[in-house]
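# Observations on the model geometry
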Amino acid sequence: MSTENSDKKHIFDNPANVRNVLYGLFGALVFLLALEPFIHKHPYFAWEEWFGFYAIYGFVACVLLVLAAKYILRPFVKREEDYYD
Amino acid sequence: MIDFIPPAFIYILGALLVPLLRGRVKFAYMLSLPIVSFFFLISVQVGTAWEVNFLGFDLMPFKVDRLSLVFGYIFHLISLVGIIYTLSIKSDLEYVAGLVYAGSALGVVFAGDLFTFFVFWEMLTVSALWLIWAKRTKASQAAGFRYLMVHVFGGLVLLAGIIMYISEQKSISLGFIGLHSPATYLIFIGMGINAAWPLLHTWLTDAYPESTVGGAVFLSAFTTKTAVYALARTFPGTEPLIWIGAVMTAFPIFFAVIENDMRRVLSYSLINQVGFMMVGIGIGTELSINGAAAHAFAHILYKSLLFMSMGAVIFRTGKINATDLGGLYKSMPWTALFCSIGAASISAFPLTSGFVSKSMVLDAAAHGHMSIIWLTLLFASAGVFHHSGIKIPFFAFFGHDAGHRVKEAPPSMLIAMGIAAFFCIFLGVYPKFLYSILPYPVDFVPYTAPHVLAQLQLLMFSALAFTLLLLSGIYPSEIRAINLDVDLVYRKGGRLFYRVMDKGLNAFNRTVEQVFVGKFLVAFAKFVRELPAKLLAKICWPFWQSAFDAADKKTITENLLKRAQSGFYPISIMGFFAIIYFGLLYLL
């Protein structure tokens, strides 16, 4: 590992910048929900008309995905790296 | 006068010259192959077909329609990108294998008959193999052999189906087949193996991560997408494909979340993306077939872009596991940027290629009122963002700094990634270009306010879930471990079979030897040897009883046994037997 630029400060070395990214994300979320009442929908399914359907679906889907992968799938399938050797 | 040369010929014959050339000439020559071939292709009319009579069959080695053209265009583009990418990896084996591989894929999409189709289909497997073996590690050798076994099996299933189908139909032309007889089921499954259907998918997640840096870029583009083309050509509107596709979109994302090897994460998400295409083909409407073709086009670009960025990471750091990576944006900022563009595209962010193609498939499912399918695809869309959209760039380029201070990827790799990244955004911003080359006329409008809002909500709240899970420490930490998949069946199964055969058959063999050779034969030999003497002794006993005393009886019995063993009997006894024998004959 060379040290050509190891002392240089990079953008995410500063915790304030990481915090700004998070604030940006939260701001975008609020904005996207606030925008919804002003958009005229033309849904195929009834549930698409519920407020925040996509937001809730995306959030819940990802949480369930991670929990299922971590607590159900991984205990079944995890093996040492040299399992097949 | 030949005014047209089919792409497969240019690629495959052209590849053979590559090892003879050196330096810049070689580079220029390799780059010229896809470009020349592309100009030939755009000069040709839709509907052109070459017919050749061969052994009484009407072969059609080259046939162009709008479906094959979509795949033809993207295969040209991505092979050009792949060649540029591999210029910094000086390996003739990979160049030749890559070109033959791309040429075979082009051969398949422009094949007009089942025979030509099958020949190129098999060449695809054989040439892909060298892109895996070229890594020259033990793991890649073993993975290559497994790859070969699975595809040889798939090829035989397909061949059996094709032969039965030809004898049913009395024609070898390639067109709509549809599921209706055992032959068509065999063809269906043979193609399904190359499309990495669930349970038949492990050749992909097994072999692609073991291939070379450049090999993975080629591999990710051709084999599965050729199968997508083949299914779109022969089985559009086949309902089982909808369900197969839906399962394909959903199950790999669970594996991708806990996988440590980044290229294996990409392999799982490749299966997930091909699932969307399967659903599109299965629905079979003009919109959905367009969607499948458009998604294949977009997918090839962003998936190879992601494989290129991970390849550059391997090329520079020698590492690919998430546990060994992190913080690379500091030393490889351009690679990080291109990877992020690929990640945004695969997640289908508005203004990227994934958004304008994937939404066609989802819309087609909604048009057909397939609520379960639609909800599964939506789940998969959120999931793919989670593992390919966030996990890949985050764990490689951001996150915990693993301390790698390396050089940025070489220029040729950056140029290749730049071209792919450009197209990812270009297609997203200007979808008309993509829509104009699709098989059917398109009246689909991707950018409507509710659609953009819905997609952004879905993705951003998935990002929120990732962020919260990561900050709370619930997100599964990357672990140095591998995860079992269905390939367990043949990887351990092979050994299990061996052991069962060893323990079972060899034990059986040993037991038989002990019982039969060791005990039975000895006993039998003894029995046979002593039987006549024993019999004689029994017969003579009543006479001896009266004639001899005890000591004489013993000597006479021993003498009898000795004689019986050596075969010498007193003549009178033999005479006695003879008389009994003839007497019996007379009586019976």
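Since the model is a prediction, treat every value here as computed from it, not as a measurement.

Moving on: the overall build of chain A. Along the backbone of chain A there are 2 helices and 1 strand. Mapped from its N terminus to its C terminus, chain A presents α and β elements in the order α-α-β. Relative to its length of 85 residues, chain A is extended, with a C-alpha radius of gyration of 21 Å against a globular reference of 12 Å. Dimensions of chain A, computed from C-alpha atoms along their principal axes, come out at roughly 55 × 40 × 20 Å. In chain A, buried positions account for 14% of the 85 residues.

Within chain B, the regular secondary structure consists of 21 helices and 3 strands. Relative to the 2.2 N^0.38 estimate, which gives 25 Å for 588 residues, the radius of gyration of chain B is 35 Å and therefore markedly larger than a compact globule would have. Projected onto its principal axes, the C-alpha positions of chain B cover 125 × 65 × 60 Å. Going through the 588 residues of chain B one by one, you find that 51% of them count as buried.

On to the environment of Leu434 of chain B. Residue and element names in this part refer to chain B. Counting through the fold element by element, Leu434 comes out in helix H17 (residues 431–436). Look at Leu434 and you get buried, because 25 C-beta atoms sit within 10 Å. Between the alpha carbons of Leu434 and Trp133 there is a distance of 35 Å; along the sequence they are 301 residues apart. Residues within four places of Leu434 in sequence aside, it is in contact with Ala294, Phe297, Val356 and Leu427.

So, about the interface of chain A and chain B. Between chain A and chain B, the contact holds 43 residues from the first and 42 residues from the second. Contributing elements (two or more residues each) for the side of chain A that touches chain B: helix H1 (15–35), helix H2 (53–77) and strand S1 (78–79) of chain A. No other element matches H2 of chain A, which puts 16 residues into the side of chain A that touches chain B. Classifying every residue of the side of chain A that touches chain B gives 26 nonpolar, 8 polar and 9 charged. Of the strand pairs in this sheet, S1 of chain A and strand S3 (residues 482–483) of chain B are connected by 2 bridges, and their pairing is antiparallel. When the sheet's bridge partners are listed, Arg79 of chain A is paired in S3 of chain B with Ile482 of chain B.

The next thing to look at is the confidence of the model for chain A. Regions with low pLDDT should not have their predicted coordinates read in detail. All names here are of chain A. In this model, chain A carries a mean pLDDT of 84, and residues with pLDDT of at least 70 account for 92%. Mean pLDDT per element in chain A: S1 is the minimum at 86, and H2 is the maximum at 91. Contacts of residues 1–5 to residues separated by more than four positions or lying in other chains number 9 contacts, the stretch itself having pLDDT below 50.

Bringing helix H3 (residues 66–86) of chain B into the picture now. Here H3 of chain B is 21 residues long and its end C-alpha atoms lie 30 Å apart, about the 30 Å a rise of 1.5 Å per residue gives. In terms of burial, H3 of chain B is largely enclosed, as 19 of its 21 residues are buried.

Time to look at the confidence of the model for chain B. Residue and element names in this part refer to chain B. Summarising the model, chain B shows a mean pLDDT of 90, and 98% of its residues fall at 70 or more. The secondary-structure element of chain B with the lowest mean pLDDT is helix H20 (residues 550–566), recorded at 74, while helix H16 (residues 411–429) shows the highest, at 96. In the predicted complex, the global pTM is 0.86; the interface-specific ipTM is 0.88.

Turning to the pairing of strand S2 (residues 57–63) of chain B, a few remarks are in order. Strand direction decides the pairing type here: strand S1 (residues 49–54) of chain B and S2 of chain B, joined by 5 bridges, are antiparallel. When the bridges of S2 of chain B are listed, Phe54 of chain B appears paired with Phe57 of chain B.

Turning our eyes to something else, we now look at unusual backbone geometry. Residues and elements named next belong to chain B. Positive phi, normally seen in glycine, also occurs at Leu199, with a value near 75°. Backbone geometry at Leu351 places phi at a positive 80°, although glycine is not the residue there. Residue placement: Leu351 occurs in the loop between helix H13 (333–346) and helix H14 (353–367).

Moving on to the packing of H3 of chain B against helix H12 (residues 286–317) of chain B. All names here are of chain B. Look at H3 against H12: their axes get within 9 Å of each other, and the N-to-C directions meet at 10°. Of the possible angle classes, the one that applies to H3 and H12 is roughly parallel. On H12, the residues that touch Leu67, Val70, Phe71, Ile74, Ile78, Val81, Gly82 and Tyr85 of H3 are Ala293, Ala296, Phe297, Ile300, Leu301, Ser304 and Met308. For the contact of H3 with H12, the class distribution of residues is 13 nonpolar, 2 polar and no charged.

Basis of the calculations
Residues numbered from 1 in each chain as written. Chains lettered and ligands numbered in written order. Predicted model: local features only at pLDDT ≥ 70, side-chain atom pairs only at ≥ 80, totals over all residues. Helix = DSSP H or I, 4+ residues; strand = E, 2+ residues; numbered from the N terminus. Rg over C-alpha atoms; globule rule 2.2 N^0.38 Å. Buried ≥ 20, exposed ≤ 12 C-beta atoms within 10 Å, placed from the backbone. Contact = placed C-beta atoms within 7 Å. Nonpolar A, V, L, I, M, F, W, Y, C, P; charged D, E, K, R; others polar. Pairing = 2+ DSSP bridges. pLDDT = per-residue confidence, 0-100. Expected span 1.5 Å × (residues − 1). Axes fitted to C-alpha atoms, helices over the stretch in contact; angles between N-to-C directions. Parallel < 35°, antiparallel > 145°, perpendicular 65-115°, else oblique.

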